[in-house]
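Chains, contacts and geometry: an overview
This is what each chain is made of:
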Amino acid sequence: MKKFGFKLSIFFCLAAFLGIYNQKPKELPIDESKLSLALQNFTLTAQSTNRQPKDRWGAVRLIANDARQTVRRVEDLLSSIDFTRLRGTASFTRTGVTCGLQTCTIRLRLNQNTASLTPTIGSAVSFKNSFEIFITSSSQRVLALHFDDPTNLSTGSGTLFVYRPSVWSPTVFSPDAFVESRFSLESGLRTQVLSMSGGPLFIGGPFESWRARLTESLDRSTVGVFGRGRIARTRNASSIAFGSACSSPDALEYTVSYIFNTASPNQSTAKMNLRPVNGSGSSATASNCTALQTFVASENYATFNATEGFVAEGVAAASIPAGYPSATTVDAVETAFNSDSNYSIGTISALNVQVIGNAAP
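Not measured: the values here are computed from a predicted model.

Concerning the overall build of the protein chain
Along the protein chain, the regular secondary structure elements total 6 helices and 13 strands. Within the span of the protein chain, comprising 361 residues, buried residues form 54% of the whole. In the protein chain, of all internal contacts separated by at least 6 residues, the share reaching a separation of at least 24 is 60%. For the protein chain, the exposed surface amounts to about 14600 Å²; the carbon and sulfur share of it is 51%.

As structure tokens, this is what we get:
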């Protein structure tokens, strides 16, 4: 697993996603070829995201992969805007832009405090800058990037990135899935919270909705991760390797906690649980799931690294190899978030992620 990081580098890969140069705000030109290439690269990034593996430890890779891809998409968008050539307040709108199979309108607003926005987690917040994409025919917003600092995702009000991935890759992503990523500083720690609803995210995947939090340690040596997802009963047997071990009353609640080292070879230790969910969207205990609960417990703990990927499961706490995060630290992650209502199965079952922002142009 790659290092989870927030620091952005403004690099030369594309001089401008919008091809913006130092002219009057209403006369900012676009380099058509660079704009087309940037949108194509954005599409390929989305299509290259690995599908959710159908195994017990799939969420470890799901969260790590989606976090990495989300950071990359935000970096690509920010790094392709030539902020060094823009001064003061600028606003730019362009129509007739191809986004996947759609014709879109794009809008960049700089240093114009955006309206107060309320993400699915946390309180309302305003950002200095925004980049938005709308389907031209319907004015439906399909991507929004709200940010304060183009060189650091977590400073100021942080960053809010929300989008509908199926617009770019309809054969890969489910049509109603929306993803939100909130970057911020919490108690001095760089934090990313990912939320998804309307799933499965990938066509054929198991999760209806999920939320995950990634928190970087003060010395940036480790990242602690907690994730919880809701798996529909109709996908229980076909999407994950549990067969008919649990006939839950409504759905399954999957939780995963892990810590990974940011330095190569990125040793990681993970722990998971799978429980039935009742009709009210809370955890339930059913006698016909006893075999399943025992089965899951017997798989903890699991180890991963960047060289081999999955290394082993069913590792006793005292037998976790040197260099891997300890069972105690992983348990602490799980305990902290099991008591946080933002990550309860009821909250996650009710998630309704939407692309929020300013009024359409």
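That covers the picture; the talk isn't over yet.
Some details on helix 5 (residues 327-338)
The end-to-end C-alpha distance of helix 5 is 16 Å, a good match for the 16 Å that 12 residues give at a rise of 1.5 Å each. The set of residues buried in helix 5 consists of Ala327, Val330, Val333, Glu334 and Phe337. Down the axis of helix 5, the smallest arc covering the buried residues is 125 degrees, so these residues share one side. Pointing more than 90 degrees away from the buried face of helix 5 are the exposed residues Thr328 and Thr335. The secondary structure elements touched by the buried residues of helix 5 are strand 8 (207-216), strand 9 (222-232), strand 10 (251-261) and strand 11 (268-277).

Quick word on the nonpolar core
With 58 residues, the main nonpolar core has Ile133 and Tyr258 as its most contacted residues. The element best represented in this core is helix 2 (residues 58-79), accounting for 10 residues. Within the second largest apolar cluster, 9 residues are counted, among which are Leu117, Phe127, Phe178 and Val353.

Quick look at the side chain of Arg213
With respect to the helices, strands and loops of the structure, Arg213 is situated in strand 8. The exposure class of Arg213 is buried, given its relative accessible area of 15%. In this structure the side chain of Arg213 is engaged in a polar contact, spanning 2.9 Å, whose partner is the side chain of Glu186. Engagement of the side chain of Arg213 in a polar contact is seen with the side chain of Thr215, the distance being 3.1 Å.

So, how was this worked out
Residues numbered from 1 in each chain as written. Predicted model: local features only at pLDDT ≥ 70, side-chain atom pairs only at ≥ 80, totals over all residues. Heavy atoms only, no water. Helix = DSSP H or I, 4+ residues; strand = E, 2+ residues; numbered from the N terminus. Buried < 20%, exposed > 50% of the residue type's maximum accessible area, 1.4 Å probe, protein only. Contact = heavy atoms within 4.5 Å. Areas by Shrake-Rupley, 256 points an atom, 1.4 Å probe, with all protein chains shown as cover. Expected span 1.5 Å × (residues − 1). Arc of directions from axis to C-beta. Core = buried A, V, L, I, M, F, W, Y, C linked by side-chain atoms within 4.5 Å. Polar contact = N/O pair within 3.5 Å; in protein donor to acceptor, adjacent residues only side chain to side chain.

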